[in-house]
Amino acid sequence: RGTLREGSVVEVWHANSLHVGTFRGRAPSPSRALLVELAAPPPPAASSAGGGGGNDGRDGAIKIDAGQLVGVWPEPPASLPSSPSEWAAVHDSAAALLADLPPPALDLRPLWT
């Protein structure tokens, strides 16, 4: 379990889905919202679908209520992604690794039964 600090990696519930992002601090007063920069933006249709939060226009961070925090990752190693472009690179690398696996290796049904 991690402690929420600027730069912490967080899991948040936003626009009716779970997202990973970076905590950027508190919104300016008088707001009590938290600012989170999502690793990948929600689809345009989802951004108006509810779930709280909004965009304050500052560096792509969205405003969320503390109740939308699902988890805070432990103190990250220096190599952990901290921007959307770094997360995109991790996504691309993981997708390339998965693409190299044979289809039977991707079938998780035996693990669940």
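In what follows, the structure referred to is the one given above.
Within each chain, residue numbers correspond to sequence positions counted from 1 in written order. Reporting in this predicted model follows two pLDDT cut-offs: at least 70 for local features of residues, and 80 or more for side-chain atom pairs to be given and counted; totals over whole chains, interfaces and linings ignore these cut-offs and use all residues. The basis for the side-chain values is all heavy atoms of the structure; hydrogens and waters are excluded.

> Talk me through the nonpolar core; I want residue IDs and the actual numbers.
The definition of a nonpolar core used throughout is a set of buried Ala, Val, Leu, Ile, Met, Phe, Trp, Tyr and Cys residues joined through side-chain atoms within 4.5 Å. With a 1.4 Å probe rolled over the protein chains alone, any residue whose accessible area is under 20% of its type maximum counts as buried; one over 50% counts as exposed, and the rest are partly exposed. Counting residues in each nonpolar core, the largest one holds nine residues, listed as Val 10, Val 12, Phe 23, Leu 34, Val 36, Leu 38, Ile 62, Ile 64 and Val 72. At the level of secondary structure, the elements contributing two or more residues to this core comprise strand 1 (9–14), strand 3 (34–38) and strand 5 (62–64). Broken down by element, this core gets its largest block of residues, three residues, from strand 3. In this description, contact between two residues means that some pair of their heavy atoms is separated by no more than 4.5 Å. When near neighbours in sequence (up to four residues on either side) are disregarded, Val 10 contacts Leu 4, His 19, Val 20, Gly 21, Thr 22, Phe 23, Val 36, Leu 69, Gly 71 and Val 72. A run of H or I in DSSP becomes a helix once it reaches four residues, and a run of E becomes a strand once it reaches two; helices and strands are each numbered from the N terminus.

> Describe the environment of Ala 40, naming the residues involved and giving the relevant values.
In this fold, Ala 40 is placed in the loop between strand 3 and helix 1 (44–47). Classification of Ala 40 by relative accessible area gives partly exposed; the value is 44%. Remark: the alpha-carbon pair of Ala 40 and Ser 83, spanning 43 residues in sequence, is separated by 9.4 Å.

> Help me get a handle on the pairing of strand 3, residues and values and all.
Side-chain direction in a regular strand flips from residue to residue, so the side chains alternate between the two faces of the sheet. A large share of strand 3 lies buried, amounting to five of its five residues. Burial of the side chains of strand 3 extends over both faces: Leu 34, Val 36 and Leu 38 are buried on one face and Leu 35 and Glu 37 on the other. Here, a strand pair is defined by DSSP locating no fewer than two bridges between the strands. Note: strand 3 against strand 5, three bridges, orientation antiparallel. Residue pairing across strands places Leu 34 opposite Ile 64, the latter belonging to strand 5.

> Describe the side chain of Thr 22, naming the residues involved and giving the relevant values.
Tracing the backbone through its elements, the reader meets Thr 22 in strand 2 (residues 17–26). Using a relative accessible area of 2% as the deciding quantity, one classes Thr 22 as buried. Leaving out residues up to four positions away in the same chain, Thr 22 has contacts with Gly 7, Ser 8, Val 10, Leu 35, Val 36, Glu 37, Ser 82 and Trp 87.

> With reference to specific residues and values, describe unusual backbone geometry.
Note the cis peptide between Ser 29 and Pro 30, where omega equals 10°. In this structure, Pro 30 sits in the loop between strand 2 and strand 3. Backbone geometry places Ala 15, a non-glycine residue, at a positive phi of 55°. Positionally, Ala 15 belongs in the loop between strand 1 and strand 2.

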